[in-house]
Amino acid sequence: MESEVLDTLRKRRTIRRYDDREVRAEQVETLLEMAMAAPNRLNRQPWHFIVIRDKGLQKKLADLLGLHPYLETAPVLVAAAARPGLSTTWQMDLSAAVENMNIAATAMGLGTAWVGEPGSVVWTMAEEMLQDALHIPRELGVRVPALIAVGYPGEERPPHGKHDRFDRTKVHYGLWERRELSGDA
C-alpha cells in the first residue's frame, strides 16, 4: 500500500489535454469528498467547490486567461472557492484540498490542471466573471483563487522522480548551512 501511494504522488502531473470521455458525476463527487478530507486549521473548512460543465463559460475563461485549449475542452472545471472570514489560513486550507483532489484524480485515472494567479489583474477579472456567472454571493466575501480542469488524460507524461524534482541543495538539517543528516541534527 505504501508503494502505491508513493507511486500515485509521483504520477501526479499537470495534464492540459483531455480525451472525449465524460467524467461521471460519481467521480466528481469522489474528488470533492477527497478534497474535503484535507487538513484545515481548527476544522473550519472554509472551502466551497463549484462544478462547471458550461462550455460557454469555460471558453470565456480560457479567452480571458489565455489558457487554451484545456480550460475550454476539459469535461469538468472545478472552481475552488473559500470564505476568508472563516479562517486566517484559508489559502493553505484550500491549497491542501486542491492537492488532495489532484492526487485523488491521479489515483482514479483522471488528469488535472490547477490554474490560478490570485492577486493579478487578469485573475481578479476572472474572479469577477465567476462571481457573476455562478451567482457567488459577494456579501459573504467568497474568493475563487483556483480553477481545476478535470478529465481523462489525452496525453501521457512520465512520473516525477528523484532525478527531476528532488534537490538536496534545498534540504537543510537543523541549520540553514547544514546539508547532511547526522545523528545530532
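The coordinates are above.
My aim in this report is to walk through the structure given alongside it, one point at a time. All figures in this text were calculated on a predicted structure; none of them were measured in a lab.

## Comments concerning the pattern of salt bridges
Here's step 1: Scanning the model with the defined rule gives 8 salt bridges in all.
Here's step 2: For Arg17, the salt bridge goes to Glu155, with nearest N and O atoms at 3.1 Å. Remark: Glu155 occurs in the segment after strand 4 (143-151) and Arg17 occurs in the loop between helix 1 (2-11) and helix 2 (25-35); sequence separation between them is 138 residues.
Here's step 3: Take Arg17: its relative accessible area is 49%, and that puts it in the partly exposed class.
Here's step 4: With its nearest N and O atoms 2.9 Å apart, the salt bridge here joins Asp19 to Arg21.
Here's step 5: Owing to a relative accessible area of 25%, Asp19 belongs among the partly exposed residues under this scheme.
Here's step 6: The partly exposed category is assigned to Arg21, whose relative accessible area is 46%.

What counts and what doesn't
- Residues numbered from 1 in each chain as written.
- Predicted model: local features only at pLDDT ≥ 70, side-chain atom pairs only at ≥ 80, totals over all residues.
- Heavy atoms only, no water.
- Salt bridge = Lys/Arg side-chain N within 4 Å of Asp/Glu carboxyl O.
- Helix = DSSP H or I, 4+ residues; strand = E, 2+ residues; numbered from the N terminus.
- Buried < 20%, exposed > 50% of the residue type's maximum accessible area, 1.4 Å probe, protein only.

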